[in-house]
Amino acid sequence: PSEAQLSACSAAKRAAGQALEAGDAARALEKYGEAIMTGAATALLFVRRAELLLKLRRPCAAVRDCDAALEVNADCGKAYRVRGLAYRSIGRWEAAHRDLSLGQKLDYEDGLADLQKLVAEKAKRAEERRAAFSRENPAARKRRRNAK
């Protein structure tokens with residue numbers, strides 16, 4: 001990135017931080033978008049916006065930002081953790097477990113241990129349901145499908 005891109009990105013990040021301090025999440029989101037569009041975005045900038053999107057109850061958008069962060073830096077533990085939290089909020093337990101585990105492995109955070117345990121249990125139950133469904137008699141599956 002050029003010097004102009006870096007300074008524009010920095011200015012937009014400062015504006016986003018000020019907007020967050022003032023409690024204006026919409027403006028902060030807009031400023032994070034401007035910072036990303038400068039072309040000088042770091043993985044942590046994408047993750048910060050993803051955290052904000054998650055607070056605004058936009059988990060799918062948060063997942064996309066975390067994906068972008070991981071394209072910039074595949075070893076960003078925080079991106080895996082935030083994406084895991086986003087997957088958790090939309091009920092994708094196996095993906096949430098995978099990302100939270102990898103995020104903790106790369107960059108451990110004490111506060112997520114209990115949540116990681118809960119997500120692991122949910123992921124295990126989802127896998128058990130999937131396995132039970134695949135073992136079920138094909139005729140029973142057909143009857144259930146026709147009953148709907």
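Here, the structure is the one placed above.
Calculation criteria
- Along every chain, residues carry numbers that run from 1 in the direction the sequence is written.
- Restriction of local features to residues with pLDDT of at least 70 applies here, the model being predicted, together with a cutoff of 80 or more for giving and counting side-chain atom pairs; totals for whole chains, interfaces and linings are based on all residues.
- Heavy atoms throughout the structure, all of them, feed into the side-chain values; hydrogens and water do not.
- To form a nonpolar core, buried Ala, Val, Leu, Ile, Met, Phe, Trp, Tyr and Cys residues must be joined to one another through side-chain atoms within 4.5 Å.
- Only protein chains enter the accessibility calculation, which uses a 1.4 Å probe. A residue is then buried if its area is under 20% of the maximum for its type, exposed if over 50%, and partly exposed in between.
- A run of DSSP states H or I qualifies as a helix once it reaches four residues; a run of E qualifies as a strand once it reaches two. Both are numbered from the N-terminal end.
- Only heavy atoms enter the contact rule, under which two residues are in contact if any of them lie within 4.5 Å.
- One less than the number of residues in a helix, times 1.5 Å, gives the span that helix is expected to have.

By size, the foremost hydrophobic cluster in this structure holds 39 residues, and its most contacted members are Leu-45, Phe-46, Val-47, Ala-69, Cys-76, Ala-79 and Val-119. Sorting the residues of this core by element identifies α1 (3-21), α2 (25-37), α3 (43-55), α4 (59-72), α5 (77-89), α6 (93-106) and α7 (113-135) as the ones contributing at least two each. When neighbours within four sequence positions are excluded, Leu-45 is seen to be in contact with Cys-9, Lys-13, Tyr-32, Ala-35 and Ile-36.

Moving on to α5. Its 13 residues place the ends of α5 19 Å apart at the C-alpha level, agreeing with the 18 Å of an ideal helix rising 1.5 Å per residue. Buried residues of α5: Gly-77, Ala-79, Tyr-80, Arg-81, Val-82, Arg-83, Gly-84, Ala-86 and Tyr-87, and no others. In this structure, the buried residues of α5 make contact with α3, α4 and α6.

What follows is about α4. The terminal C-alpha atoms of α4 lie 20 Å apart, and with 14 residues this matches the ideal 20 Å at 1.5 Å per residue to within 8%. Along α4, the positions that sit buried rather than exposed are Pro-59, Ala-61, Ala-62, Val-63, Asp-65, Cys-66, Ala-68, Ala-69 and Leu-70. On the buried face of α4, the contacting elements are α3 and α5.

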